[in-house]
Amino acid sequence: MTRRGGWVGLLAVLAATGCRFGPEQAVVERVIADGWEFRRAGDTLWLPATVPGTVHTDLLANGVIPDPFYGDNERRLQWIERKTLSDLKALGEEIAKMLNSLVNSIKSSKN
């Protein structure tokens, strides 16, 4: 079967089985890039976070660390990778708990 014939066959099967793509299907769109915060594990101070982003850029944006690309700052900032900064808060505490649980399960599966 040629490549073109494969696409035609797929479209024929979709049409025959009643598979529809149209306005009757509800699409829910939710912006999740706003409202994120992070903190060091065990700390009570929440700081704003940018999603998508990294802990390093969030620490820099919040004035917690100096520019890692200046002088020998990169060497002095290597403590960040050894700290747990994975607590997230956005869209309610339930989602934060779910994400933290996922992060912890990924970390434990690597060990």
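In this text the structure is predicted, and so the values were computed from the model without any measurement.

Comments concerning the overall build of the chain
And step 1. From N to C terminus, the chain includes four helices and three strands.
And step 2. Sorting the 111 residues of the chain into buried and exposed places 16% on the buried side.
And step 3. Counted over contacts in the chain with a minimum sequence separation of 6, partners at least 24 positions apart contribute 41%.
And step 4. When the accessible surface of the chain is split by element, carbon and sulfur atoms take 58% of a total near 9,100 Å².

Describing unusual backbone geometry
Negative phi values dominate among residues other than glycine, just as trans dominates among peptide bonds.
And step 1. A cis amide bond, omega 0°, links V51 with the succeeding residue P52.
And step 2. Here P52 shows up in the loop between β2 (47-48) and α2 (55-61).

Considerations on the confidence of the model for the chain
And step 1. Within the chain, residue pLDDT values average 74, and 58% of them lie at 70 or more.
And step 2. At the low end of the mean pLDDT range in the chain sits strand β3 (residues 87-89), at 58; at the high end sits helix α3 (residues 73-76), at 92.

Some thoughts on the nonpolar core
And step 1. In terms of nonpolar packing, the biggest core is built from eight residues, these being W36, F38, L47, A49, L59, I65, L77 and I80.
And step 2. If near-sequence neighbours (up to four positions away) are discounted, I65 is found in contact with H56, L59, L60, L77, W79 and I80.

Observations concerning the side chain of D58
And step 1. Examined against the element boundaries, D58 turns out to sit in helix α2.
And step 2. For D58, the contacting residues outside a window of four places in its chain are F38, P48, A49 and T50.

Some points on the environment of A61
And step 1. Relative to the elements of secondary structure, A61 occurs in helix α2.
And step 2. For A61, a relative accessible area of 64% translates into the label exposed.

Topic: the side chain of N73
And step 1. The topology assignment puts N73 in helix α3.
And step 2. Looking at N73, the relative accessible area reads 5%, which means it is buried.
And step 3. In this structure, N73 is in contact with P66, D67 and P68, ignoring residues within four places of it in sequence.

Rules used throughout
Residues numbered from 1 in each chain as written. Predicted model: local features only at pLDDT ≥ 70, side-chain atom pairs only at ≥ 80, totals over all residues. Heavy atoms only, no water. Helix = DSSP H or I, 4+ residues; strand = E, 2+ residues; numbered from the N terminus. Buried < 20%, exposed > 50% of the residue type's maximum accessible area, 1.4 Å probe, protein only. Contact = heavy atoms within 4.5 Å. Areas by Shrake-Rupley, 256 points an atom, 1.4 Å probe, with all protein chains shown as cover. pLDDT = per-residue confidence, 0-100. Core = buried A, V, L, I, M, F, W, Y, C linked by side-chain atoms within 4.5 Å.

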